[in-house]
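# Architecture at a glance
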Amino acid sequence: MIRSVVRGTGAALPRRIMKNADFEGMVETSDEWIAQRTGIRQRHIAADDETTASLGEAAARAALDNAGLTPDDIDLIVLATSTPNNTFPATAVDIQNRLGMHHGFAFDLQAVCSGFVYAVTTADLYIRGGLAKRVLVIGSETFSRILDWSDRSTCVLFGDGAGAMVLEAGEGTGSIADRGVLAASLRSDGTHKDKLFVDGGPSTTGTVGYLRMEGREVFKHAVGMITDVIEATFSAAGITAEDLDWFVPHQANKRIIDASAKKLGIAEQKVVVTVDLHGNTSAASVPLALSVAVADGRIKKGDLVLLEAMGGGFTWGAVLVRW
Ligand code: UT7
C-alpha cells in the first residue's frame, strides 16, 4: 500500500523576540503570571515586512533543503492558516508563486490551531488517492495582526511563525511498522464557536476583526477532547501510549500539555515542549515543535510520533506518524 512518508521538516520565525516582561508596561500583567499560568516565556512577533506568506515560504524552503528537494519536485501545497495575507486568493498560491512553482496546485485549509493536523491528514489522502506524489504541508500564522493588544487575557498568549513538512509517497506493507502516516482522527463541534473566535470577517463586519477567547472555558474542554481523540487514534492503530517515542502536542499552554500527557500515561521525557519559546502559534505550533525536535536529533528515522492539536471551532485531532 501507499504510505505518506516524512521526507523533511523546516521552520521560520520572525526576527523580533518579545519577552513576557515587555508586556508589563502595556497591560496589567507580569512575567510571573504568564510563565506560571501558561509556561510561555517569549514569542516572536512579525515586522511589517514579515507575513504569513513570507514566513511560510521560508519554512517551505527550509523543509525542501532538509529533504534534498526543490520546488520542481512538489505537486501540491496545503497551507494551514487562519491569518492569510488576503481574504483571497489563498496564501498557499502566493507561496507557490514565491517558490517559483508554476505547476501542480495549492490551497489553504482553515481549522485554526488544529490546522496542521487537518492538513497532514488531507495531504495523506491526496497522496494515497494518487493525486499527488510529494506534498508541502505548511502551518504559517501571524496572529499578532489579529490580537487586541489592550486585552491582557489574550495578547500575552500568541506568537507568529511557520513550520513545514514534505510528505512523499512510499511503499508500505499496511502494518504499523511502516514509515509514514499510520492513523488519524479528526473532530469538530460548532456549538463551541463563540468560545474562541475572531469578531470580524468579510461576510459579517467587512473587517478582519480581533481574536476573542473565553480562556477558562477553552481550558475546561481541552484535556478531555485531546485525550479522547488520541485514544481513538491509538485504537485505530492498535497501540498504547507506551509504544510512542515522541508526543508533539499543540503548544497553547504547558498546563494543558502536562495534564493531557499525564491522563494518557505518556512519560514526561517523551513530550516535546516549545511553548516557552514560541507561545501559541496556532497552525504553526506543531510543525515548529517538530522542526525543533528533528533539528536537535530527538526525533529520528523509525520513531513513532504522535501529533495533536485543539482550537477554535472547536476543532481537534491527532495523527500518528512513523518517522
Ligand atoms: O490554541 C487554542 C486553544 N487555546 C487554549 O488552549 C487556551 C486555553 N486557556 C488557557 O490557557 C488559560 O485558561 C489561560 C492561560 C487563558 C488563563 O489561565 P487561567 O488559569 O484559566 O486563568 P483565568 O482565566 O481563570 O484567570 C485568572 C485571573 C483572572 O482574574 P480574577 O477574575 O481571578 O480576578 C484574570 O482576569 O487572572 C487574570 N488574568 C491575568 N492576570 C495577569 C487574565 N489574564 C491575565 C494576565 N496577567 N495576562
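Residues numbered from 1 in each chain as written. Predicted model: local features only at pLDDT ≥ 70, side-chain atom pairs only at ≥ 80, totals over all residues. Heavy atoms only, no water.

Helical geometry: 3.6 residues make up each α-helical turn, so side chains three or four residues apart lie on a common side. Counting buried positions along helix H9 (residues 285–295) yields nine of 11 residues, so the element is predominantly enclosed. Where H9 is concerned, the buried positions are Ser285, Val286, Pro287, Leu288, Ala289, Leu290, Ser291, Ala293 and Val294. Phi turns positive one or two residues past the end of H9, at glycine 297, with a value near 90°. (Buried < 20%, exposed > 50% of the residue type's maximum accessible area, 1.4 Å probe, protein only. Helix = DSSP H or I, 4+ residues; strand = E, 2+ residues; numbered from the N terminus.)

Read from one edge to the other, the open sheet built from four strands follows the order S8-S13-S12-S11, with strand pairing classed as mixed. The open sheet has two free edges, formed respectively by strand S8 (180–188) and strand S11 (246–249), since each of these has just one partner strand. Taken over all neighbouring pairs, the strand axes of this sheet differ in orientation by 10° on average, direction set aside. In terms of strand pairing, S11 meets strand S12 (residues 304–311) through four bridges, oriented parallel. In the strand pairing of S12, tryptophan 246 is matched with valine 305. (Pairing = 2+ DSSP bridges. Axes fitted to C-alpha atoms, helices over the stretch in contact; angles between N-to-C directions.)

Looking now at the site of the ligand. Contacts to the ligand come from 24 residues, most closely from Thr29, Arg152, Arg216, Asn253 and Asn280. Between an oxygen atom of the ligand and a side-chain N or O atom of arginine 37, the distance comes to 2.9 Å. The side chain of asparagine 253 places a nitrogen or oxygen atom 2.7 Å from an oxygen atom of the ligand. Comparing atom positions with the cavity grids shows the ligand to sit within the second largest pocket. Counting residues per element, the ones that place at least two in the shell around the ligand are helix H1 (31–38), helix H5 (152–155), helix H6 (215–237), helix H7 (254–264) and S12. Of the residues in the shell around the ligand, the class split is 11 nonpolar, eight polar and five charged. No fewer than three residues from each of domain 1 (2–171) and domain 2 (180–322) sit in the shell around the ligand. (Near = heavy atom within 4 Å. Polar contact = N/O pair within 3.5 Å; in protein donor to acceptor, adjacent residues only side chain to side chain. 1 Å grid on protein atoms, 1.4 Å probe; cavity = no way out; pocket = protein on both sides within 12 Å on 5 of 7 lines; lining within 4 Å. Sits in = over half its atoms within 2 Å of the grid points. Nonpolar A, V, L, I, M, F, W, Y, C, P; charged D, E, K, R; others polar. Domains from an automatic or database assignment.)

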